[in-house]
Amino acid sequence: MATAIKKKKSLVKNLVRFSVNGTAVELEIGTLPHQVETAHTLAHTLRETLGLVGTKVTCDNGACGSCTVLMDGKAVLSCMTLTVECQGRSITTIEGLADPETGRLDPLQQSFIDHTAFQCGFCTPGMIMSAKALLADNPSPTEADVKEALSGNFCRCISHYQVLRAVMATAQGGE
Amino acid sequence: MKPFIHINALTVAEAVAALAAYDGRARLNAGGTDLMGLLKDEFLPEYPQAVINIKNVAGLDYIREEQGMLQIGALTRLSDIASSPLLRERYGALAEAAQAVASPQIRNVATLAGNLCQDVRCCYYRYPRHIGGPISCARKGNGPCLAVKGDNRNHAILEGRKCFAVCPSDTAVALALFDGQLLVAGSAGERRIAVRDFYTPLGNQLGKDELVREIELPAITASTRQTFHKFTLRKPIDFAVVSVATLITVVDGVCSDARIALGAVAPGVVRAAAAEEFLRGRTIDPASAARAGELALAGARPLSKNAYKIEIAKTLLKRALLGHPPAKPSQGIVHDKCPHVKTK
Ligand SMILES: Cc1cc2nc3c(=O)[nH]c(=O)nc-3n(C[C@H](O)[C@H](O)[C@H](O)COP(=O)(O)OP(=O)(O)OC[C@H]3O[C@@H](n4cnc5c(N)ncnc54)[C@H](O)[C@@H]3O)c2cc1C
Ligand code: SF4
Ligand code: FES
Ligand code: FES
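Note that the structure is a prediction, hence the values are computed from the model and not measured. (Residues numbered from 1 in each chain as written. Chains lettered and ligands numbered in written order. Predicted model: local features only at pLDDT ≥ 70, side-chain atom pairs only at ≥ 80, totals over all residues. Heavy atoms only, no water.)

What follows covers the packing of aromatic side chains. All names here are of chain B. Counting across every chain of the model gives 3 aromatic pairs over all chains. Ring centres of Phe43 and Tyr125 lie 5.5 Å apart, and the angle between their planes is 50°; on these two criteria the pair is classed as tilted. Linking Phe43 in the loop between α2 (35-41) and β3 (50-53) with Tyr125 in the loop between α7 (112-117) and α8 (170-177), this pair joins segments that are 82 residues apart in sequence. There is no split in this pair, since Phe43 and Tyr125 are both buried. Relative to Tyr199, the ring of Phe198 lies with its centre 5.1 Å away and its plane at 75°, an arrangement referred to as edge-to-face. Across the pair, Tyr199 and Phe198 agree in class, each one buried. Above the plane of the ring of Tyr47 lies Lys2, whose end atom (NZ or CZ) is 5.0 Å from the centre. Across the ring face of Phe231, the terminal group of Lys235 is positioned such that the distance to the ring centre comes to 5.8 Å. (Phe/Tyr/Trp six-rings, centres within 6.5 Å; stacked < 30°, edge-to-face > 60°. Helix = DSSP H or I, 4+ residues; strand = E, 2+ residues; numbered from the N terminus. Buried < 20%, exposed > 50% of the residue type's maximum accessible area, 1.4 Å probe, protein only. Lys NZ or Arg CZ within 6 Å of the ring centre and 35° of its normal.)

The next point concerns a nonpolar patch on the surface. A cluster of nonpolar side chains, contributed by Leu105(A), Ile113(A) and Phe118(A), occupies part of the molecular surface with about 220 Å² of accessible area. Positionally, Ile113(A) belongs in helix α3 (residues 107-114). (Patch = residues over 30% accessible without salt bridge, like charges linked within 9 Å, V, L, I, M, F, W, Y side chains within 5 Å. Areas by Shrake-Rupley, 256 points an atom, 1.4 Å probe, with all protein chains shown as cover. Salt bridge = Lys/Arg side-chain N within 4 Å of Asp/Glu carboxyl O.)

Let's shift gears to the interface of chain B and chain A. When the parts of a complex come together, some accessible area is lost, and that lost area is often taken as the interface size. Between chain B and chain A, the residue contacts involve 36 residues of the former and 33 residues of the latter. Roughly 2900 Å² of surface becomes buried between chain B and chain A when both sides are summed, with 57% attributable to carbon and sulfur atoms. For Arg107(B), the salt bridge identified is with Glu148(A), shortest N-O distance 2.9 Å. Inspection of the chain B/chain A interface yields 12 residue pairs in polar contact (both at pLDDT 80 or more). For the side of chain B that touches chain A, the elements supplying multiple residues, two or more each, are α2 and α6 (104-109) of chain B. Ranked by the residues each element gives to the side of chain B that touches chain A, the list is headed by α6(B), at 6 residues. Broken down by class, the residue content of the side of chain B that touches chain A amounts to 14 nonpolar, 14 polar and 8 charged. (Contact = heavy atoms within 4.5 Å. Buried area = accessible area lost by both parts, 1.4 Å probe. Polar contact = N/O pair within 3.5 Å; in protein donor to acceptor, adjacent residues only side chain to side chain. Nonpolar A, V, L, I, M, F, W, Y, C, P; charged D, E, K, R; others polar.)

Once that is clear, we can look at the side chain of Asn115(B). Residues and elements named next belong to chain B. Looking at the element boundaries, Asn115 is found in helix α7. Exposure remark for Asn115: the relative accessible area of 7% places this residue in the buried category. In terms of polar contacts, Asn115 uses its side chain to reach the side chain of Ser169, at 2.6 Å. With residues up to four places along the chain from it excluded, the contact list for Asn115 reads Leu78, Val101, Ser169, Asp170, Thr171 and Ala172.

The next thing to look at is the sheet that holds strand β4 (residues 74-77) of chain A. Residues and elements named next belong to chain A. One open sheet holds the 5 strands; their spatial order is β2-β1-β5-β3-β4, and the pairing between them is mixed. Looking along the sheet, the strands with just one partner apiece sit at the ends: β2 (23-28) and β4. Across the sheet, the mean angle separating the axes of adjacent strands is 40° when strand polarity is ignored. The sheet contacts of helix α4 (residues 124-137) involve β3 (68-71), β4 and β5 (90-92), and relative to β3 the element is tilted by about 35°. (Pairing = 2+ DSSP bridges. Axes fitted to C-alpha atoms, helices over the stretch in contact; angles between N-to-C directions.)

Residue and element names in this part refer to chain A. Along its sequence, chain A is carved into domain 1 (8-93) and domain 2 (97-175). Centre-to-centre separation of domain 1 and domain 2, based on C-alpha positions: 23 Å. With 14 residues of domain 1 at the interface, the matching set in domain 2 holds 12 residues. Around 930 Å² of area is buried between domain 1 and domain 2 when both sides are counted, 65% of it from carbon and sulfur atoms. On the surface where domain 1 and domain 2 come into contact, there are 0 salt bridges. (Domains from an automatic or database assignment.)

Residue and element names in this part refer to chain B. Here chain B averages 94 in pLDDT, while 94% of its residues score no lower than 70. Predicted confidence for residues 330-344 stays below pLDDT 50, and this span has 21 contacts to residues more than four positions away or in other chains. Two numbers describe this predicted complex: its pTM, 0.95, and its ipTM, 0.93. (pLDDT = per-residue confidence, 0-100.)

Further remarks concern the nonpolar core. Among the nonpolar cores identified, the biggest contains 91 residues, and Phe18(A), Leu94(B) and Phe178(B) are the most heavily contacted of them. Ranked by residue count, the leading element in this core is α8(B), at 6 residues. Phe178(B) has contacts with Tyr91(B), Ala93(B), Leu94(B), Leu217(B), Pro218(B), Ile220(B), Gln226(B), Leu247(B) and Arg259(B), leaving out every residue within four places of it along the chain. Judged by nonpolar contacts, the second largest core, of 28 residues, contains Ile157(B), Ala258(B), Val270(B) and Leu317(B). (Core = buried A, V, L, I, M, F, W, Y, C linked by side-chain atoms within 4.5 Å.)

As structure tokens, then:
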């Protein structure tokens, strides 16, 4: 009996629960192929375990911003976050922006398209997530606010100028 | 990343007990923005056996005033420090220093204690395993310092002895300006360490079973002018080549108190005592500011490739004293000056 209880307890402990784009996710922690290892980053789990490959990994070292997701509404780097430490958090990725019913893109996504705010597009999901966090916080940012909010997102194709215009166009009172 | 045992500490006592149990083979994880680099690149000779998550330790996230002292909890995030109205108003140099760290995403999770306890950025020390590291050197207790004969562009010009890696923390510079102290908890109880004394030639003063619980700053009485200037090669997401924090009190046009802290020039934070002394009782003008710069860097002993830092430090200090505004991170994107893009 005692061991049964202990076993059950350890089972409960070996789960991590959080939500991704509004859907509850419950993952086992362990070393089996289907499980999340303690050393897995959130970026790895999103892409490899959950199949959400919209989040991109470029430097995998905190320096480029392409893996940016929202955690409880704040822009964070999923490559520098351990999945096992996401217990109870609410994660939003680029896949969570479009309307799930109609498939209609978020205005920010549409604005990036309208302003051709990318070339290869690898940095774009991270750019959009950082901009999303900014606009939720400050719907009418100045250009300086946008530059500051996106200062952690690096674009190898130098889309920064167009990105700035795309974000300003979406912002209230923009353009 | 290679596997490790993951421990969730919910109290300071639990974290200390776990540190003691692993006897130097476990690492605390606060924001994780520095620790992940260590785990991913495996640049230390020994990979940690365990990671102790302290994010969920309750009651370590606060900025408050108590009996005239300002107290900041170890887990307070840099984004909260940068935007705190209290700090902006009275400890502006600290708010500016926090704002100057890395990127918005990193500041959203990075903690003040993690910023102070982060490991150095020396390119030999951090050389990743997946491209042939780790590399042994004096800091790892094995061999000489490789930077002395090698690439030392980002290394110390002051106070280097065994290891010439500089203290990478921006907030440490501001905290040293305010004579800040760290409240450290360990198996044997609590003790205080001044930020200025925290960094040692090969690391910091923390014992294997100790962690930083709180950062404490004395009250700022007189109305002071504070600045934090950071010179980097690219504006955002970059470590300081040199940083300078100043606190100046001027009464009737004469400087009554001057404090100057220099960052990224030494293994710890340097307070420029001679320059501070010189400025007291003088008016601050281009001549006295330039003289203060000379005095602050008088003891500099550059390595083969980093004498350029001396001039940068002098210039930053001069600008700070004369009240020039520091460069903003967003100025990295010189949007208005790009000849190819027309904006309204
Ligand atoms: C791309 C990039 C750019 C950066 N730029 C800058 C910069 O410009 N300026 C700058 O100052 N830093 C910079 N950093 C370094 C650093 O990640 C951050 O400054 C951050 O503040 C570290 O805080 P953290 O909470 O994430 O630390 P963690 O990674 O959680 O911890 C860092 C270290 O401190 C230890 N530690 C954590 N908390 C405690 C505690 N309470 N007591 C004792 N030890 C503790 C950990 O065990 C670990 O060894 C940068 C990092 C990256 C990846
Ligand atoms: S500066 Fe320090 S860390 Fe870098 S090689 Fe020399 S001893 Fe090692
Ligand atoms: S992939 Fe995460 S910051 Fe570059
Ligand atoms: S569009 Fe190619 S990296 Fe930004």
